[in-house]
Amino acid sequence: MATLHIDGQAYQVSLGDNLLKTALALGLDLPYFCWHPALGSVGSCRQCAVLQYHNAEDSKGRLVMACMTPVSDGLRIGLQAAEAQQFRSDILELLMTNHPHDCPVCEEGGECHLQDMTVLTGHTSRRFRSLKRSHQNQYLGPFINHEMNRCIACYRCVRFYNDYAGGDDLHVLGIHNNVYFGRHEPGVLENEFSGNLVEVCPTGVFTDKTLSQHYTRKWDLQAAPSICMHCSLGCNTSPGERYGQLRRIVNRYHGEVNGYFLCDRGRFGYDFVNSSQRITTALIKQQAQSDPEIITKHWRKLCVDQKIIGIASSRASLEANYALQQLVGQDNFYQGLGLQELSLIKQVLALLKKPPATIATLKQVESADAVIILGEDITNTAPRLALAVRQALRNESFTLAKTLQLARWLDAAVREAAQNQHSPLIIASCHSTRLDGVASEVVSGNPETIARFAFALAHRLHGKSPSVSDLTPEQQLQVERVAKVLSKAQRPLVISGTGSHSSEVLAAAANLIKALPASHKMMSLVVPDANSIGVGLFDGSSFIEAKQRMDKGDIHTVVVLENDLYRHGEHAEISDWLDSVKHLVVIDHSLNPTAERAELLLPSASFAETEGTLLSSEGRAQRFFAVMPLSDQVKHNWRWLALAAADNWQQFDQLSLACYQAIAELEPALAMTPNAAYRVHGMKIPRQPHRYSGRTAVTADIHVSEEQQPQDLNSALDFSMEGSLGHRPPALNPGVWAPSWNSNQAVNKFQDESGDHLRGGDPGVRLFDKVYKGRWHPPAKPLPHREPSELVIQPLHHIFGSEELSNGASAIKQRSPDLYVALNPAQAQDLGMRDNDPVALHSRYAQYHLPLKILPGLCTGILGLPVGLPGMPVIEGGTTVKLHRLNNGEAGND
């Protein structure tokens, strides 16, 4: 600890950080622009100037930049000194000479860091009367608006986009006082994290284009704490709503998970909630029904018959799946996954329950000093994990900086010293990935080859691990090189998952994790959906296995909970399965091919209108809450299920408690989040900001009196602006705001220190923290012989297009690829095929006609099949198929 004197007052602080970060942690207000907790210090904006005194007798001092000044014992600082305040005011006045007077129409208004810092600095009038510099704006794609005239040249955007996120198409153009931040030509920003520019930029240069299409002032948005629904990582989000329409998603800081950043799918995939495909009315035999008594009577009639089964959902909450299980009974509860999908989820869950290494949080991923990725394209299946891996690669540069006595937060100096040095990253994949450019070793091969490589690597690191034979000399050399790297690592990380559709890859990953000699080794396993791990805690076979019971007449009614079964098997197979169903009941919020076949279709709430618990891929249980009340006939999915039974649960807390008590692994989650009875100073927590406006005008076209605010009986949150603003638990905090801090930078007022844990603890609870010895898995089988004409299906994942819910967002659709199948160039040449040729894919059930895409990074012997694209055939990975070029007039399925 050190003693720091600020404006004559002594503080006990930690050594090692810069003065700006320390001052903010102490609750002091010091303006800044270029500094960001995740990006470090460069000292370019000169806005955090303070006076540094030589000793107690020094009354003059010298100006220093707080973000570039390390804290030392006895340091004396004048934050409120007149000279420092005048310097900050002068700098801000210079920055504002070219800034337009457009706050009333700027979309950043009311949530603008520049506004906050201007007021904080005392700059309230403008003396500059000359012409302002002006720029042309660029088209940057469907996600982001560009208004370059608002720029103050803080350089945050390019530092995040290029240095932090690994982008290469956002540049600084120009010199001196005439710099331009944009692309070399108008076009879509290609990086998967471009949406973070909206929050990183302290002004309104980059704004949310999806919000612009239904714009609402930030202080008029009702918000709630939520969880991203578009992958398994469990990133924390804060949705914003106005007039019954979801308007945006912004990042909700979590010290162990997403930190300050979201991927673009998580940020812009929300619009499915507002889609025309939303189910808002119950349908009985395809006819709309508005009478709740008729709906309930029909629903209960179908459930009276004991010949009923339920099909679970990996995108529904733990509580909803539990309610379904209680309705149909344990023996009639089926997982809504195909046979291969379920087998892989069970394999992952077994590793999580008894992990052979620490299950890494995203924060811990950033601390890894060596990373190996086996068969998982994490940029497309778990994007925020890929961003964390990019930060882990900097650890070697931090080690170098330490030897040079450079503080790690001196970002430009550390990057200059390190040049291209980075920690080792080994990627074993069937195709090229976005991380290949920063990888130190790339192992290319099909899943069988990857598994054999990993088994051989595990044996090389630990002699008791089963070995494999018949490796090529090149593969043996790769094993030696990688083993040498991993054996030296102190914090190695193994990443794998279900993305390659290979149980052998997962088994090999488990052996490699166990074989690593480091005592601080880590693992991360990726699964497809937001609650894949959670639904895996419920026993149940694949719904495919219920077919035999249906053929015997043992099943009359099938209840499908938020699941499109056509995403889990070939169209002909699923259609045949559904043809065997006498009565099909679907509970869902969006139309899909399964819902269109329902006898009874019940409209359920989306994540924005309900609450629940999700279990992330690291085994972290977290709660999400409704941001807006239910409308019309829409009910919580668990309420529909409760209505069909004995109406066991009147409130969500009752259901949640029963669920946690029924599943042993969920016991630590019992005290995870305050229940609906929780109050702060006797009041609920408001979802609406204290500056919320227009509430009395919402229904003015109907009547002049203000309606009573909707009542939320299921949480401690209220659909109102009345309530307590202070001392809110992080799990119940809808958003961040503090006096003088209206932008997202206000989060520093809610943290133990900037970039650290939230004050009061980060939300959620981890269920699988204990590390076990694990067991050795048998080695991969020898590579099978295949004819040149035989191709093996390999799933190809796309961040935009592969995930079901985000496909309903118009902005995401614009970034999704068209349908295709992919071949390696050499193999395409051998088969006499060219790019965009129409080809026929022969599967077990049908023949599909698709255009061919030549993919240079794809391995030989593989047919790449995009996952999840609407209209794309669903064929299990590893299936052997044949392909031929279509002749004119040849027919088949499309």
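For the structure, see preceding data.
Residues numbered from 1 in each chain as written. Predicted model: local features only at pLDDT ≥ 70, side-chain atom pairs only at ≥ 80, totals over all residues. Heavy atoms only, no water.

A. Fine view of the pattern of salt bridges. Inspection of every chain in the model, using the stated rule, returns 32 salt bridges. Two residues, Lys218 and Glu111, come together in a salt bridge whose shortest N-O distance is 3.5 Å. Taken together, the residues Lys218 in the loop between α6 (209–212) and β10 (222–223) and Glu111 in the loop between α2 (82–95) and α3 (113–121) connect sequence positions 107 residues apart. Judged by its relative accessible area of 10%, Lys218 falls in the buried class. Across the pair Arg315 and Glu804 runs a salt bridge whose closest N-O atoms are separated by 3.2 Å. Taken together, the residues Arg315 in the loop between β16 (308–311) and α9 (318–328) and Glu804 in the loop between β33 (790–796) and α24 (810–815) connect sequence positions 489 residues apart. On the basis of relative accessibility, which here comes to 9%, the residue Arg315 falls in the buried class. Note on Glu804: relative accessible area 22%, which makes it partly exposed. Where salt bridges share partners, they join Arg159, Asp163, Arg394, Asp411 and Arg415 into one cluster. (Salt bridge = Lys/Arg side-chain N within 4 Å of Asp/Glu carboxyl O. Helix = DSSP H or I, 4+ residues; strand = E, 2+ residues; numbered from the N terminus. Buried < 20%, exposed > 50% of the residue type's maximum accessible area, 1.4 Å probe, protein only.)

B. The arrangement of the packing of helix α14 (residues 395–403) against helix α15 (residues 411–418) in detail. The contact between α14 and α15 brings their axes to 9 Å, and the two run at 100°. On the basis of their axis angle, the class for α14 and α15 is roughly perpendicular. Residue-level inspection shows Ser397, Phe398, Leu400 and Ala401 of α14 in contact with α15, the latter providing Val414, Ala417 and Ala418. For the contact of α14 with α15, a count of residues per class yields six nonpolar, one polar and no charged. (Axes fitted to C-alpha atoms, helices over the stretch in contact; angles between N-to-C directions. Parallel < 35°, antiparallel > 145°, perpendicular 65-115°, else oblique. Contact = heavy atoms within 4.5 Å. Nonpolar A, V, L, I, M, F, W, Y, C, P; charged D, E, K, R; others polar.)

C. Inspection of the packing of aromatic side chains at higher detail. A complete count under the given rule lists 15 aromatic pairs for this structure. Pairing Phe543 with Trp577 gives two aromatic rings, centres 5.3 Å apart and planes at 85°, and the pair type is edge-to-face. Of this pair, Phe543 sits in the loop between β24 (541–542) and α20 (547–551) while Trp577 sits in helix α21 (residues 571–579), placing them 34 residues apart in sequence. A residue is classified by how much of its surface remains accessible, and Phe543, at 0% relative accessible area, is buried. Under the relative-accessibility criterion, Trp577 is labelled buried at 2%. Through a chain of ring-to-ring contacts, the aromatic side chains of Phe160, Tyr164, Tyr253, Tyr260 and Phe261 assemble into a single cluster. Residue placement shows Lys635 over the ring face of Trp640; its charged tip is 5.5 Å from the ring centre. (Phe/Tyr/Trp six-rings, centres within 6.5 Å; stacked < 30°, edge-to-face > 60°. Lys NZ or Arg CZ within 6 Å of the ring centre and 35° of its normal.)

D. Spatial organisation of unusual backbone geometry. Backbone geometry places Ala153, a non-glycine residue, at a positive phi of 55°. With respect to the helices and strands, the residue Ala153 is situated in the loop between β6 (144–146) and α4 (156–164).

E. Structural context of the sheet that holds strand β28 (residues 612–615). Judged by pairing direction, the sheet is antiparallel, and its three strands sit side by side in the order β28-β29-β32 without closing on themselves. Both edges of this open sheet fall to β28 and β32 (765–766), since each of them pairs with a single strand only. (Pairing = 2+ DSSP bridges.)

F. Representation of the nonpolar core within the structure. Counting residues in hydrophobic clusters, the biggest one holds 101 residues, and the most contacted among them are Trp299, Ile372, Leu374, Leu457, Leu486, Leu512 and Leu602. Ignoring any residue separated from it by four or fewer positions in sequence, one finds Ile372 in contact with Ile426, Phe453, Leu457, Val482, Leu486, Leu493, Val494, Ile495 and Leu512. Counting 50 residues, the second-largest nonpolar core is a separate cluster that includes Ala382, Ala386, Val389 and Val526. (Core = buried A, V, L, I, M, F, W, Y, C linked by side-chain atoms within 4.5 Å.)

G. Expanded view of the side chain of Glu562. Within the secondary structure, Glu562 is located in the loop between β25 (557–561) and α21. Glu562 gets classed as buried once you look at its relative accessible area, which sits at 4%. Among the polar contacts listed, one links the side chain of Glu562 to the side chain of Asn637, at a separation of 3.0 Å. Leaving out residues up to four positions away in the same chain, Glu562 has contacts with Ser313, Arg315, Ala316, Ile587, Asp588, His589, Ser604, Ala605 and Asn637. (Polar contact = N/O pair within 3.5 Å; in protein donor to acceptor, adjacent residues only side chain to side chain.)

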